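Okay, here's what each chain looks like letter by letter:
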Amino acid sequence: MNWPTISVLVAICSLSWANAALAADAARGKYLAETCMGCHAVKGYYNVYPSYRVPKLGGQGAKYIESALKAYKTGERLHGTMNANADNLSNEDMADVGAFFESHGE
Amino acid sequence: MRTAKSNFFALFLLLAAATVFASESATDGASFDEKLKACAACHGQNGDTPLAPEYPLLAGQYESYLANSLRQYRDGQRTNPIMALQMQILNLTEDDIEALASHFSSQSSNLRSLAD
């Protein structure tokens, strides 16, 4: 193992230590949320039918996002794209994605 | 444990809301101001301070998204129990939906689009 690798590992470890107080991991959430950005980070993006703006998620409550994703996974909330995306997420993933969005408000 | 607690809290809010609006709904229906207050009771005065962490921020959200959400609750396409009961009590018209969505989207909060 070379020095750059070790310093990256140390950095990751200290990050997880800093986040230890929080149950959810926003850094991991950022990685998982890459897919979300395909719609939620596109300027002026509309859902086609019915027509409405794809909602803002930056700064939204982590617990709300988590519960919305759960509702998409169980089918309590119906939206083709969201149902398909939420289907792949574990409860931990959902909490991390929520933490990521909540930490990116104004 | 946490879920049990928030369920209990939600039930409390439901009963409180039902009591407040029971008399109005039997007569002329709630005024727009009362409808606004019903939203604010859980989502915060300006839709910017949700009472429970599971409730979304409404302040600054896109108007068309908020209006669509209200229509989905009204039409039974979204089935959150608290929102479903509110729809029965408040009897929102299309004008109410437009006005509520416009009101909350024009309030300020931390909410932002990640496209900006």
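Source: prediction; values computed, not measured. (Residues numbered from 1 in each chain as written. Chains lettered and ligands numbered in written order. Predicted model: local features only at pLDDT ≥ 70, side-chain atom pairs only at ≥ 80, totals over all residues.)

Visitor: Quick rundown of the overall build of chain A? Include the residues and the values.
Guide: From N to C terminus, chain A includes six helices and two strands. Going from N to C terminus, chain A has its helices and strands arranged as α-α-α-β-β-α-α-α. Counting across all 106 residues of chain A, residues that qualify as buried make up 33%. Sequence-distant contacts in chain A: of pairs separated by 6 or more residues, those separated by 24 or more amount to 68%. (Helix = DSSP H or I, 4+ residues; strand = E, 2+ residues; numbered from the N terminus. Buried ≥ 20, exposed ≤ 12 C-beta atoms within 10 Å, placed from the backbone. Contact = placed C-beta atoms within 7 Å.)

Visitor: Account for the overall build of chain B, with residues named and values stated.
Guide: Looking only at helices and strands, one finds five helices and zero strands in chain B. For chain B, the sequential pattern of α-helices and β-strands runs α-α-α-α-α. For chain B, the proportion of its 116 residues judged to be buried stands at 28%. The long-range share in chain B, meaning contacts at least 24 apart out of those at least 6 apart in sequence, stands at 67%.

Visitor: Quick rundown of the packing of helix α4 (residues 62–74) of chain A against helix α5 (residues 80–87) of chain A? Include the residues and the values.
Guide: Residue and element names in this part refer to chain A. Between α4 and α5, the least distance of the axes is 8 Å, while the angle of their chain directions is 100°. One element, α4, and the other, α5, form an angle in the roughly perpendicular class. Every residue of α5 that contacts α4 at Leu69, Tyr72 and Lys73 is listed here: Met82, Asn83, Ala86 and Asp87. Of the residues that constitute the contact of α4 with α5, the class distribution is four nonpolar, one polar and two charged. (Axes fitted to C-alpha atoms, helices over the stretch in contact; angles between N-to-C directions. Parallel < 35°, antiparallel > 145°, perpendicular 65-115°, else oblique. Nonpolar A, V, L, I, M, F, W, Y, C, P; charged D, E, K, R; others polar.)

Visitor: I'd like a rundown of the interface of chain A and chain B, residues and numbers included.
Guide: Accessible area lost upon the coming together of the parts is a frequently used measure of interface size. The partner chain B presents 22 residues to the 24 residues of chain A that form the contact. Going through the elements one at a time, α3 (34–40), β2 (52–53) and α4 of chain A are the ones with two or more residues in the side of chain A that touches chain B. Of the residues forming the side of chain A that touches chain B, the biggest block, three residues, is contributed by α4 of chain A. Taken together, the residues of the side of chain A that touches chain B break down into nine nonpolar, eight polar and seven charged.

Visitor: Provide a residue-level description of the packing of α4 of chain A against helix α6 (residues 91–102) of chain A, including the pertinent values.
Guide: Residue and element names in this part refer to chain A. At a minimum axis separation of 8 Å, α4 and α6 run at an interaxial angle of 140°. Compared by their axis directions, α4 and α6 come out oblique. In the crossing of α4 with α6, the sense of the turn from one axis to the other is right-handed. Along its contact with α4, which presents Ala62, Lys63, Ile65, Glu66, Leu69 and Lys70, the element α6 presents Met94, Ala95, Val97, Gly98, Ala99, Phe101 and Glu102. Here the residues of the contact of α4 with α6 sort into eight nonpolar, one polar and four charged. (Left-handed = near helix turned anticlockwise from the far one by under 90°.)

Visitor: Give a detailed account of the nonpolar core, specifying residues and quantitative values.
Guide: Counting residues in hydrophobic clusters, the biggest one holds 19 residues, and the most contacted among them are Ile65, Leu69, Val97, Ala99, Phe100 and Phe101 of chain A. Those elements that provide at least two residues to this core are α4 and α6 of chain A. Aside from chain neighbours lying at most four places away, what touches Phe100 of chain A is Ala26, Gly29, Lys30 and Ala33 of chain A. With 14 residues, the next largest nonpolar core counts Ala30, Ala67, Leu70 and Leu100 of chain B among its residues. (Core = buried A, V, L, I, M, F, W, Y, C linked by C-beta atoms within 7 Å.)

Visitor: A description of unusual backbone geometry should follow, citing residues and the corresponding values.
Guide: Cis geometry is found at the peptide bond from Tyr49 of chain A to Pro50 of chain A, where omega equals 0°. Turning to its location among the elements, Pro50 of chain A is positioned in the loop between β1 (46–47) and β2. Notably, Asn91 of chain B is not glycine yet its phi reads approximately 50°, a positive angle.

Visitor: Report on the confidence of the model for chain B, specifying residues and quantitative values.
Guide: All names here are of chain B. Of all residues in chain B, 76% attain a pLDDT of 70 or more, and the chain-wide mean is 86. Per-residue pLDDT stays below 50 along residues 23–27; that stretch engages in four contacts with residues further than four places along the chain or on separate chains. Here the predicted complex scores 0.79 on pTM and 0.78 on ipTM. (pLDDT = per-residue confidence, 0-100.)

Visitor: Tell me about the environment of Gly44 of chain A, residues and numbers included.
Guide: Position of Gly44 of chain A among the secondary structure elements: in the loop between α3 and β1. Each C-alpha atom of the pair Gly44 of chain A and Val54 of chain A lies 8.2 Å from the other, and the pair is ten residues apart in sequence.

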